[in-house]
Amino acid sequence: MLCYEGRLSLYCFVSAIFSLALLWVFFDLGIFADPEWAGFWARVVLLAVYYLGLNVVIWLKFATKDYQVAVRATFLGAVFALGVVIFQAGADEYRSFGVYGTLMAVFHYSEYLGIAFCNPKTLSPDSFILNHSIHYALAAGASWLEFFVEVYFFPEMKIHYILWILGLVLCLGGEILRKLAMITASKNFSHIVQFERTQGHELVTDGVYGLMRHPSYVGWFWWSIGTQVVLANPVCFVIYTVASWKFFHDRIFMEEITLLNFFGEEYYKYKQRVPTGLPFIRGYKVEL
């Protein structure tokens, strides 16, 4: 059974998508179908105004805790809808940014929904991981900057459909793997590295964890690289690959120290038997 916060987030996410989509359709059927009113960016501005109105309604309707969930889920639903609009109605060189927007929205919303399903006791507004870190925000901003600079100077770079497909495959594959890891680990999954073993914390070695020790990190790694393939960002593709590899290298090293402390020989044997799943990352080396 999905917890209350999970149901609330799902309602807000889906409602934002469908209400914004219906508004866009109304533009085609109503007075906004007049070419003078129907400019693409004029419609986007009107959608933005509508979204701001939704935020006012959410602020008036929900208490502080529920508001924090509702406003984030609504934002991600709006990003998803805007991504679809850009892909469907934008100029060719901008369409990949629409694909990127939908991928970002699905990833961050599904992070929250996944925790709501598998480990609701740890659920919080931070489970959307929208405020993951300043480095994450800077990386996203850098990818947007590169995309729009290259669209301005080299628009032909952004219309290679094969890159969209390849990037989409990487993102969806990474997304599915990460969510399978969350579901398999269930109540043992957390967004935060645990330094103290909680009651009932078990070592999960079946399912996707039987193939790789860190499937959630593997999924996130390939998803992050896939976003830059979708955007056809050559500079950020290299930066994301190096930065993501370094981040997960350090994260796995730290996490495996705690897992060895929690599970001792059981984790040591598991570590000897199953690889991390990430290229050239072996994790914490145990010296006998």
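Cut-offs used in this document
- Residue indices begin from 1 for each chain and proceed along its sequence in written order.
- Given that the model is predicted, a residue must reach a pLDDT of at least 70 before its local features are reported, and side-chain atom pairs must reach 80 or more before they are shown or counted; all residues, however, enter totals for whole chains, interfaces and linings.
- Here the side-chain values reflect all heavy atoms present in the structure, with hydrogen atoms and water set aside.
- A pair is scored as a salt bridge if a Lys or Arg side-chain nitrogen falls within 4 Å of a carboxyl oxygen belonging to Asp or Glu.
- Under the DSSP-based scheme used, a helix requires at least four consecutive residues in state H or I and a strand at least two consecutive residues in state E, with every element numbered from the N terminus.
- Exposure is judged per residue with a 1.4 Å probe applied to protein chains only, and the accessible area is read against the type maximum: over 50% gives exposed, under 20% gives buried, and values in between give partly exposed.
- Only buried residues count toward a nonpolar core, which is a set of Ala, Val, Leu, Ile, Met, Phe, Trp, Tyr and Cys residues joined through side-chain atoms within 4.5 Å.
- The contact rule is simple, with two residues in contact once any of their heavy atoms fall within 4.5 Å.
- Aromatic pairing here means that ring centres of Phe, Tyr or Trp (its six-membered ring) are within 6.5 Å. Orientation follows from the plane angle: under 30 degrees is stacked, over 60 is edge-to-face, and everything else is tilted.
- Only when the NZ atom of a Lys or the CZ atom of an Arg is both within 6 Å of the ring centre and within 35 degrees of the ring normal do we say a charge sits over the ring.
- UniProt positions are given in the numbering used here, feature names are shortened, and annotations may be inferred rather than shown by experiment.
- Helices are assigned an expected span. That span is 1.5 Å times one less than the residue count.
- Helix axes use the C-alpha atoms of the stretch in contact, all axes being lines fitted to C-alpha atoms, and the angles between their N-to-C directions lie in the range 0 to 180 degrees.
- Just so you know how the angles are binned, under 35 degrees is roughly parallel, over 145 roughly antiparallel, 65 to 115 roughly perpendicular, and the rest oblique.
- Each residue is assigned to one class: nonpolar for Ala, Val, Leu, Ile, Met, Phe, Trp, Tyr, Cys and Pro, charged for Asp, Glu, Lys and Arg, and polar for all the others, Gly among them.

A. The arrangement of the pattern of salt bridges in detail. Evaluation of the coordinates by the stated rule reveals nine salt bridges. Among the ionic pairs, Arg178 bridges to Glu111, the shortest N-O distance being 2.7 Å. In this pair, Arg178 sits in helix H6 (residues 161–185) while Glu111 sits in helix H4 (residues 95–118), placing the two residues 67 residues apart along the sequence. This pair shows no difference in class: Arg178 is buried, exactly as Glu111 is. Across the pair Glu256 and Arg213 runs a salt bridge, and its minimum N-O distance is 2.7 Å. Here the residue Glu256 occupies a position in helix H8 (residues 234–263), and Arg213 occupies one in the loop between H6 and helix H7 (215–230), the gap between them amounting to 43 residues. A single burial state applies to Glu256 and to Arg213, both of which are buried. The network of salt bridges with shared partners includes Glu111, Glu175, Arg178 and Lys179.

B. Main features of the nonpolar core. Grouped together as the largest cluster of nonpolar side chains are 64 residues, with contacts concentrated most on Tyr209 and Leu278. Those elements giving two or more residues to this core turn out to be helix H1 (4–29), helix H3 (64–89), H4, helix H5 (134–153), H6, H7, H8 and helix H9 (265–273). Ranked by residues supplied to this core, first place goes to H4 with 12 residues. In contact with Tyr209, other than residues within four places in its own chain, are Ala181, Thr184, Ala185, Phe189, Val204, Pro215, Tyr270 and Val274. The next biggest cluster of nonpolar side chains, apart from the first, holds eight residues, and it includes Leu23, Tyr51, Ala78 and Val85.

C. Structural detail: the packing of aromatic side chains. Tallying each qualifying case throughout the model produces 23 aromatic pairs. Each ring, one from Phe153 and one from Phe154, has its centre 6.4 Å from the other, and the planes form 45°; the classification is tilted. Residue Phe153 is classed as exposed on the basis of its relative accessible area, which comes to 54%. What makes Phe154 partly exposed here is its relative accessible area of 44%. Taken together, the ring pairs connect Phe107, Tyr136, Tyr217, Trp220, Trp223, Phe247 and Phe248 into an aromatic cluster. Positioned above the aromatic ring of Phe62 is the side chain of Lys61, whose terminal nitrogen or guanidinium carbon lies 5.8 Å from the ring centre. The side chain of Arg95 reaches across the aromatic face of Phe87, ending 4.3 Å from its centre.

D. Representation of the UniProt feature "transmembrane region" (unreviewed entry) in the chain. Sites flagged by UniProt as "transmembrane region" (unreviewed entry) map to residues 12–33, 39–62, 69–91, 134–154, 161–181 and 220–243. Span residues 69–91 is 91% helix and 0% strand, its end C-alpha atoms 34 Å apart. For residues 134–154, helix accounts for 95% and strand for 0%, while the C-alpha atoms at its two ends are 29 Å apart.

E. The arrangement of H4 in detail. Spanning 24 residues, H4 covers 34 Å between terminal C-alpha atoms, matching the ideal 34 Å at 1.5 Å per step. Here H4 lies mainly inside the structure; 22 of its 24 residues are buried.

F. Representation of the packing of H4 against H6 in the model. Running from amino to carboxyl end, H4 crosses H6 at an angle of 5°, the nearest separation of the two axes being 11 Å. For the element pair H4 / H6, the angle class is roughly parallel. Taken together, the residues of H6 that come into contact with H4 (itself represented by Arg95, Ser96, Val99, Leu103, Val106, Phe107, Ser110, Glu111, Gly114, Ile115 and Cys118) are Tyr161, Trp164, Leu168, Cys171, Leu172, Glu175, Arg178, Lys179 and Met182. Taken together, the residues of the contact of H4 with H6 break down into 12 nonpolar, three polar and five charged.

G. Quick look at the environment of Arg273. Within the fold, Arg273 resides in helix H9. On the basis of relative accessibility, which here comes to 55%, the residue Arg273 falls in the exposed class. Sequence separation of Arg273 and Leu211 is 62 residues, and the distance between their C-alpha atoms is 9.5 Å.

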